[in-house]
Amino acid sequence: MSSISDRILTGIRSQKQQSLSTWLRALAATLLTAVLLLPLVSPVITPPKYDEFIIAFDAQRLLNGQVPHRDYFSFVPPVTSYLLAAAYWPLGGGSLTAARYTSLVVVLLGWLVLAAAFTRASWGPWEALLLGAIYPACLYPFWPVASHHWTALTVCAVFLWLVSSDAWRSSPGGVLLLGALVGLSLGTIQTEGVYLAVAAAVLLLAGGGKPSLGQRVRPWLVAAAGGAAALLLIYGPLALAGAWPKMVDDLLLWPARNYNKPGNDNARVLLEDVPLRFRALWSEGLPLPAPVGYGVSLAGTLLHALLLVGALAVLLATLFVLVRAAKERRWRDPVQAAACVVTLAAGVLYLRGRPDWLHLLYQLAITGAFWIVAAGRASREGAPRGRRRLVILAGLLVFAGAVYFSRRAMVHPAAWRELTDVDRPVREYVVNRFLRDPKVLAPGGCVAAFPEGGEVYLYGPRPAVGFTLLFPLQAGLNDLADHARAARDLARNRPRWLLFRPDVERGFLDPASPVGALIARDYVRRGEMGATVLYERKAEGAAP
């Protein structure tokens, strides 16, 4: 009896030690990765992007009491704004500093959840951490700022963790969570929501066995209930506050009309920026001493090449599994089927969207993770071919990413002030200092800045229009309805100052635009300040 109890106690202690060892490995890997990524927070190493100002300020609008779609336009679903607003709230307001650190935490969390999903799919703990590290070490640093894509990828990671084991099928709670994650992803970004929706549909269809009609229908109803509950929590308060039906137009109809309109900046030739990226790689290491600089350029070339190979491998895996399934007239594994369908959906939407390098990486983060889970599950019946090679390639990718993305920190080590006050260069820009002068703009006064208003609105002046980003009609990114809505806002709020980027000034004076007609009638050009053109409302008198 004592020997049996000793064996049980020894087994329990062994499990505890293994669990502690896993947690310690994950903690050490997270700290190391955070240290490597921390310099990217600096505004010198990663200059502020106008896209992140949209995300950052639209979250601030929530804290200001504005309701998405009712009070301002956004084609981005609101979950990331909710997340950032929650991060801002204890700090008393929004900033790029808070937004970037929140983004970094979200990415690290997504990586750890991915590693957990890979472990459940039969990859070893170290293998899982290494394969998952491709996300923070090789993908995130290409766009290390607040973005709805990073939030959506973390939701996808949780989805993969759930389906990496078949345990979710045996519990109504698991099926409910499956649907809720689809709803949450639809509330984060439309494309990733579609991917998880089709993946969930495939997984529900591949239930196995010959269940009765009731047994087949019940999981669909439970999953639909989970998805509906998530969507109701996300969009219900907005609808009750009067955002309906504008949110349907903003989130669905507007992207269909305008996002990839022929001639605009999103209507790109497939991967047209990739040759430019490869040509630039051998100049990016030049500020460094020759051996180090060549090493950085070589690491960057290896990184880009391996990522392209990874994208090609995902396509080939999809074709191989589809052909095999057609021959065998069955799917060997539901997750493989889901990986195929997600890859096909991602390919179609990628071509219909903005098919450049950065958006390829967003797609690769999702499709690649699906295929890694599928490969891990296949290894339960014997190690699949190439498993060791995949781990070696992951190691090369992570090493190349670590070297390549540390190049700017080698040239300019980030100062403490840069890491604690990301906003300073923009906040202290001459135009923002000008607008803080009470003689220029009375407290509580509003301005309108085109096309990129977030750089101004985030640091004091109230926005006069419900667009954080608005382009001239000729750019093809906004239509006449957008300009009419902006003109109504300008007529109602009567801002003293309009601010324009010089390269779009003439476009906004277009008499075919309601905004252009209003500017010609009510405003006069006062000159340029820095890289900004200022127009003043005629009734306000002389310029300071």
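All values derive from a computational prediction rather than experimental measurement.

Visitor: Describe helix α15 (residues 357–378), with residues and values.
Guide: With 22 residues, α15 extends 30 Å from end C-alpha to end C-alpha; this agrees with the ideal 32 Å at 1.5 Å per step. Along α15, the sharpest change in direction is near 25° and occurs at L364. α15 sits mainly inside the fold: 20 of its 22 residues count as buried.

Visitor: Could you give an account of the nonpolar core, with specific residues and numbers?
Guide: In terms of nonpolar packing, the biggest core is built from 142 residues, with F159 and F370 touching the most fellow members. Of all the elements, α15 adds the most residues to this core, at 14 residues. When sequence neighbours within four positions are dropped, the list of residues in contact with F370 reads F159, L160, L196, A199, V335, A338, A339 and V342. In terms of nonpolar packing, the next biggest core, distinct from the first, is built from eight residues, V67, V79, I234 and L238 among them.

Visitor: Kindly report on the packing of aromatic side chains, identifying the contributing residues and their values.
Guide: Here the distance between the centres and the angle between the planes together describe a pair of aromatic rings. Tallied over the entire structure, the rule returns 19 aromatic pairs. With a centroid separation of 5.5 Å and 45° between ring planes, the pair formed by F500 and F508 is classed as tilted. Judged by its relative accessible area of 2%, F500 is buried. Note on F508: relative accessible area 0%, which makes it buried. A connected cluster of aromatic rings, assembled from ring pairs, spans F73, F75, W254, Y259 and F467. One Lys or Arg, R120, reaches over the ring of W161 and ends 4.4 Å from the middle of that ring. If you follow R407 out to its NZ or CZ, it ends over the ring of Y404, 4.0 Å from the centre.

Visitor: Go over the pattern of salt bridges, please, and point to the residues and values.
Guide: Applying the stated criterion across every chain yields a total of 28 salt bridges. Between E52 and R100 there is a salt bridge, and its shortest N-O distance comes to 2.6 Å. With a gap of 48 residues between them, E52 in helix α2 (residues 50–63) and R100 in helix α4 (residues 96–120) connect regions that are remote in the sequence. With a relative accessible area of 0%, E52 lands in the buried category. R377 serves as the salt-bridge partner of D333, at 2.7 Å between the closest nitrogen and oxygen.

Visitor: Tell me about the environment of G300, and name the residues and values.
Guide: Following the sequence through the fold, G300 ends up in helix α13 (residues 290–328). For G300, a relative accessible area of 0% gives the class buried. Each residue touching G300, except ones within four places of it in the same chain, is listed here: L281 and Y404.

Visitor: Tell me about the side chain of S103, residues and numbers included.
Guide: Here S103 lies in helix α4. At 3.2 Å, the side chain of S103 forms a polar contact with the backbone oxygen of V145. Discounting chain neighbours no more than four positions away, the residues touching S103 are Y140, V145, A146 and W150.

Visitor: I'd like a rundown of unusual backbone geometry, residues and numbers included.
Guide: Here the amide bond leading from W244 into P245 is cis, since omega sits at 5°, within 30 degrees of zero. Turning to its location among the elements, P245 is positioned in the loop between α10 (213–240) and α11 (246–259). Following F450, the chain continues into P451 via a peptide bond in cis, with omega recorded as 0°. Mapped onto the fold, P451 is located in the loop between β1 (446–450) and α21 (454–457).

Visitor: So what about the environment of W244? Which residues, and what values?
Guide: Along the chain, W244 falls in the loop between α10 and α11. In this structure W244 comes out as exposed when scored by relative accessible area, which is 55%. Through-space distance from the C-alpha of W244 to that of Y457 is 25 Å; in sequence the pair is 213 residues apart. Discounting chain neighbours no more than four positions away, the residues touching W244 are L238 and A239.

Thresholds applied
- Residues numbered from 1 in each chain as written.
- Predicted model: local features only at pLDDT ≥ 70, side-chain atom pairs only at ≥ 80, totals over all residues.
- Heavy atoms only, no water.
- Helix = DSSP H or I, 4+ residues; strand = E, 2+ residues; numbered from the N terminus.
- Expected span 1.5 Å × (residues − 1).
- Bend = angle between axes of the 7 residues up to and from the residue.
- Buried < 20%, exposed > 50% of the residue type's maximum accessible area, 1.4 Å probe, protein only.
- Core = buried A, V, L, I, M, F, W, Y, C linked by side-chain atoms within 4.5 Å.
- Contact = heavy atoms within 4.5 Å.
- Phe/Tyr/Trp six-rings, centres within 6.5 Å; stacked < 30°, edge-to-face > 60°.
- Lys NZ or Arg CZ within 6 Å of the ring centre and 35° of its normal.
- Salt bridge = Lys/Arg side-chain N within 4 Å of Asp/Glu carboxyl O.
- Polar contact = N/O pair within 3.5 Å; in protein donor to acceptor, adjacent residues only side chain to side chain.

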